[in-house]
Amino acid sequence: MFRLLFSAVGLAVFAWVAFAQAPVYGLGRTAAPDEIRKADTTVFPDGTGLPVGHGDAVLGEAIFNSRCALCHNAKGEGRKGEYPALVGGIGSLGTKKPVKTVGSYWPYATTVFDHINRAMPFNSPHILPPNDVYSAVAYILHLNGIIGKGDELNEKTLPQVKMPNRDGFVPDSRPDIKVKR
Amino acid sequence: MSSPHPAKPGRRDLLVAGATALAACGKPTESAPSDGQTAGNAANMRPYGERSAFEKPVRAIRMLSASSGTGSSRTPLADLYGMVTPSSLTYERHHAGVPTIDPSKHQLLVHGLVDRPLVFTMDDIRRFPSVSRICFLECGGNNLGDQRGESTPNVQQSHGLVSGVQWTGVPLSIVLREAGLKPAAKWMIAEGVDNCRMARSIPIAKALDDALLVYGQNGEALRPEQGYPLRLVLPGWEGNANVKWLGRLNLVDQPAMSSKETAYYTELRSDGKAEIFSFAMEARSVITRPSGGRKIAPGPGFHQIDGLAWSGRGKIKLVEVSVDGGTTWAKAELQEPVLDKALTAFRFPWQWDGREAVIQSRCMDETGYLQPTREELVAARGLFSGYHYNAIKPWKVLASGEVTSVPIVV
């Protein structure tokens, strides 16, 4: 019995080692640390991946007006049927008229940074320097009443912002439907 | 059976189309015979083929913002046969346009919690041992209008965000092994090189189970709108997680909580909480013929009912059809092969008495999961979960032979 257990553990360890062992096909080239650093822009909820930088809603208002308002409207209210609203809906999620926006629905401020950094402005993304992204995030959060106009966002403070819907997500509960047959 | 198109081409249209076809093959002097058919020895060979000029089914395109990069196109399910969707009619959903990518310059970076961060060219990827697999691809938002009570009028609008594809590529597990996956890796962030660098966090178990790095679609290279030259395919999981134009895989110990896995593709319940990382598409079925917006020959007579069933949790085990508004149900015949996480065609012989009838299908997959009614789904999730709405969809056949959707009372 003991031996059996031992060999089962041994097998599992062997399987893992076999999995983690040397390359089988010898394809691909080693990625240089520099190219990884350049490509790896993902920002995590704990702040991992945030570039050094800072901004606030005062600076953000100007950036927003020149780069974002064209689509999302002057106060981030969006354009119905054309561009999503970035403000409003806080407290509406459990009602008969839920409104999902950055302010009401998004659980992490880091996601707002990551999204703008990778995707906005929509027709010319990847042009904003980190400070401008911090400021754009700050302005949108300020429009939602989540931070003050003068509050600085940087790589340390941004992950600490508590979004209104931070605790609003639960794991997939499916299969969740009672079917009568 | 229902006519394949809303309006049959008239005799005049046939003549015009026939003449155009002739003109196209460089024989403008020949004229079409008066019965609208053409004969002759011209082979009409084309280096890259096209369907007959008489065939008109197309995708239905819907823009989802005032910028052209966001939108969807839906597969015309009522006009198709079998379990594989032609590449030209495969559904699309884009969040930031379709990039043009030269495959000789495309690279896949695999990094993070691996022993060896690696960069692969497309040539490298194609040198790995390959596999082909038929499975469905479905947008998480397929048929969401019906949940809110829109009662979508036809099957292209209701269920057209699903397609069946034979994919060819490399099992992702092989590529991860090549890089030396570390035990600490719990998630994999897959990122595209499109304008929004679409990113999704994928649990490592799926990456090692049946995930594929795909470069082939229905026997040829991926179409640009399907992620050319390389995409991720996660059999049975919501379309958005099957990242297109794949450029980077980052092995990590936590999910990124990207916008497409928090703000989008999460299901808001009536208590205000939302379910996250709900990847699998649960079993559903729908009748494709006769279906809304089409017309069948009025009066008593035989009609074959055709439809599709699929499950992101395995094979379809059973499909039942009701032709009396859900009072009685009878087993439909499944078209072989019935494959894991693939579209499964079903058929049911219907002797119609010519009177108004409500027809619908429901299915069970190999886990024993039963497709719910709309009432059952709404009772569990409310009206706003949107994604993963997989309820039974009835169609009403009127005595005139016209087929409509059944109004939904919210």
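See the structure above.
Residues numbered from 1 in each chain as written. Chains lettered and ligands numbered in written order. Predicted model: local features only at pLDDT ≥ 70, side-chain atom pairs only at ≥ 80, totals over all residues. Heavy atoms only, no water.

Draft legend 1. Fine view of the overall build of chain A. For chain A, the count of helices and strands is six helices and four strands. Seen in sequence order, chain A has helices and strands lined up from the N terminus as α-β-α-β-α-α-α-α-β-β. Within chain A, the proportion of its 181 residues that are buried is 42%. For chain A, the proportion of contacts with a sequence separation of at least 24, taken over those separated by at least 6, is 56%. Entry remark: accessible area of chain A is about 9,800 Å², with carbon and sulfur atoms responsible for 61%. (Helix = DSSP H or I, 4+ residues; strand = E, 2+ residues; numbered from the N terminus. Buried < 20%, exposed > 50% of the residue type's maximum accessible area, 1.4 Å probe, protein only. Contact = heavy atoms within 4.5 Å. Areas by Shrake-Rupley, 256 points an atom, 1.4 Å probe, with all protein chains shown as cover.)

Draft legend 2. Just the pairing of strand S8 (residues 187–192) of chain B, in detail. Residue and element names in this part refer to chain B. With six of its six residues buried, S8 lies for the most part within the structure. Across five bridges, the pairing between S8 and strand S9 (residues 199–203) is antiparallel. Across the sheet, residue Ala190 finds its bridge partner in S9, namely Arg200. When S8 meets strand S13 (residues 246–252), the two strands line up antiparallel, connected through six bridges. (Pairing = 2+ DSSP bridges.)

Draft legend 3. Just the packing of helix H3 (residues 57–67) of chain A against helix H6 (residues 130–143) of chain A, in detail. All names here are of chain A. Relative to each other, H3 and H6 sit at 100 degrees, their axes nearing to 7 Å. On the basis of the axis angle, H3 is roughly perpendicular to H6. Residues Ala57, Leu59, Gly60, Glu61, Ile63 and Phe64 of H3 form the contact with H6, whose own contacting residues are Asp132, Ser135, Ala136, Ala138, Tyr139, Ile140 and His142. Its residues placed into classes, the contact of H3 with H6 shows eight nonpolar, three polar and two charged. (Axes fitted to C-alpha atoms, helices over the stretch in contact; angles between N-to-C directions. Parallel < 35°, antiparallel > 145°, perpendicular 65-115°, else oblique. Nonpolar A, V, L, I, M, F, W, Y, C, P; charged D, E, K, R; others polar.)

Draft legend 4. Empty space enclosed by the protein, seen in detail. Residue and element names in this part refer to chain B. Summed over the entire model, instances satisfying the criterion amount to two cavities of 30 Å³ or more. For the largest cavity, the calculated volume is near 220 Å³. Lining the largest cavity are 19 residues; nearest its centre among them are Arg93, Arg231, Gly239, Asn240 and Lys244. In terms of residue count, the dominant contributor to the lining of the largest cavity is strand S3 (residues 92–94) (three residues). For the lining of the largest cavity, the per-class residue count stands at seven nonpolar, six polar and six charged. In this structure, the second largest cavity occupies an estimated 50 Å³ of space. (1 Å grid on protein atoms, 1.4 Å probe; cavity = no way out; pocket = protein on both sides within 12 Å on 5 of 7 lines; lining within 4 Å. Points joined across faces, edges and corners; volume = space filled by probe spheres on them.)

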